[in-house]
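Listed below are the residues making up each chain.
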Amino acid sequence: MEKNKKLIVANWKMNPQTAEEALRLVKNIAGRAARGVELAIAPPFVYLDMVKKNCGREIKLAAQNVHWEERGAFTGEISAPMLKNIGCDYVIIGHSERRYKMGETGEMINLKIKSALRHGLVPILAVGEREKNGDIKKTLAEQLTGALEGVGASEIGRLVIAYEPVWAIGTGVSDTPDHALSAALLIRKIAGGIYGKELTENLPVLYGGSVSGKNTGEFIGQKGIDGALVGGASLEAENFEAVLASAVSGDAE
Ligand code: PGA
């Protein structure tokens, strides 16, 4: 992650349906990385190369998933060296849609994190509780300790964490900025329990879950929230422009 910038990641998920639409979207976004904001696009695998070629040098490339092995008989999978080779900087790992719809386990997430780090990709590790009144402390502690098992102290500084309460994803009901901030502090505290405060007090934590042009600034304007993971609002150029405008207006640093 770039220093002194907030990171906005556009997670397109399994959209759009044609390469033409994807090209139109990326062309509309290209060149829009605003002052104080680092912008990354996470398209489906099939569009990675096209997005890389059309997004301009300012915009970073992110993958939505990765397999933990480098090569071999893993039909349908994509490895970290492949992603690095095509120009990816980031990879989202442990998104709740992969955990709960695709059956991804904590062990798989841990292997993916380690493979991404080994091959020079920055993992964006997504964590978050499923229910609004769920046991957030227990969930975050379990997800973080599982994902970071065997990740060395020299590597923790290369990770980005995304706090994404599952109940806020795609629902139009976002978390409150205050609660998201307390979750970000809790994430740093849990990581601090493993690696020590010094290595984790600046651990970047993004917020994700119904981020829009109306609320981005409120989340990332807070000192302890380092950016946003944006799903639905990243799929229309106009909406995404509003997200970026809000990001700039709310950037308190
Ligand atoms: P959303 O998705 O912005 O559509 O809620 C966020 C995410 O799943 O990363």
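Note that the structure is predicted; figures quoted are calculated from it, not measured. (Residues numbered from 1 in each chain as written. Predicted model: local features only at pLDDT ≥ 70, side-chain atom pairs only at ≥ 80, totals over all residues. Heavy atoms only, no water.)

(A) Seen up close, the environment of Glu-104. Residue position: Glu-104 is located in the loop between α4 (96-101) and α5 (106-118). The buried category is assigned to Glu-104, whose relative accessible area is 6%. Separated by 11 residues in sequence, Glu-104 and Ile-93 have C-alpha atoms that sit 9.9 Å apart. Apart from the residues within four sequence positions on either side, Glu-104 is in contact with Asn-65, Gly-94, Arg-98, Arg-99, Ile-109 and Lys-112. A distance of 2.7 Å separates a polar atom in the side chain of Glu-104 from a polar atom in the side chain of Lys-112. (Helix = DSSP H or I, 4+ residues; strand = E, 2+ residues; numbered from the N terminus. Buried < 20%, exposed > 50% of the residue type's maximum accessible area, 1.4 Å probe, protein only. Contact = heavy atoms within 4.5 Å. Polar contact = N/O pair within 3.5 Å; in protein donor to acceptor, adjacent residues only side chain to side chain.)

(B) Structural detail: the side chain of Ser-96. Mapped onto the secondary structure, Ser-96 falls in helix α4. Looking at Ser-96, the relative accessible area reads 9%, which means it is buried. If we skip the residues at most four places from it in the chain, Ser-96 touches Lys-101, Val-166 and Ile-169.

(C) Looking closely at the site of the ligand. Lining the immediate environment of the ligand, one finds 14 residues, of which Lys-13, His-95, Glu-164, Gly-170 and Ser-210 sit closest. Contacts to the ligand include Ser-210, whose backbone N or O atom sits 2.7 Å from an oxygen atom. When isolated, the ligand has an accessible area of 280 Å², and the protein chains bury 95% of it. The residue makeup of the shell around the ligand, split by class, is five nonpolar, seven polar and two charged. (Near = heavy atom within 4 Å. Areas by Shrake-Rupley, 256 points an atom, 1.4 Å probe, with all protein chains shown as cover. Nonpolar A, V, L, I, M, F, W, Y, C, P; charged D, E, K, R; others polar.)

(D) Region of the structure containing helix α1 (residues 19-29). For α1, every residue scored as buried is listed here: Ala-22, Leu-25, Val-26 and Ile-29. All buried residues of α1 fall inside an arc of 95 degrees around its axis, so they share one side. Seen from the buried face of α1, the exposed residues on the opposite side, beyond 90 degrees, are Glu-20, Arg-24 and Lys-27. One or two residues past the end of α1 sits Gly-31, with phi positive at roughly 85 degrees. (Arc of directions from axis to C-beta.)

(E) Up close: the packing of helix α6 (residues 136-148) against helix α7 (residues 177-195). Axis separation between α6 and α7 bottoms out at 10 Å; the angle between their running directions is 45 degrees. Classed by the angle they form, the pair α6 and α7 counts as oblique. Regarding α6 and α7, the two cross each other, and that crossing is right-handed. Residues Ile-136, Lys-137, Leu-140, Ala-141, Leu-144, Thr-145 and Leu-148 of α6 pack against His-179, Ala-183, Leu-186, Ile-187, Ile-190, Ile-194 and Tyr-195 of α7. Its residues assigned to classes, the contact of α6 with α7 shows 11 nonpolar, two polar and one charged. (Axes fitted to C-alpha atoms, helices over the stretch in contact; angles between N-to-C directions. Parallel < 35°, antiparallel > 145°, perpendicular 65-115°, else oblique. Left-handed = near helix turned anticlockwise from the far one by under 90°.)

(F) The environment of Ala-141, seen in detail. Relative to the helices and strands, Ala-141 is located in helix α6. Since its relative accessible area comes to 27%, Ala-141 is described here as partly exposed. In sequence terms Ala-141 and Ala-19 are 122 residues apart; their C-alpha atoms lie 40 Å from each other.

(G) The arrangement of the packing of α5 against α6 in detail. At a minimum axis separation of 7 Å, α5 and α6 run at an interaxial angle of 50 degrees. One element, α5, and the other, α6, form an angle in the oblique class. Taken as a pair, α5 and α6 cross one another with a handedness that is right-handed. In this structure, α5 contributes Gly-106, Ile-109, Asn-110 and Ile-113 to the contact, and α6 contributes Gly-146, Ala-147 and Leu-148.

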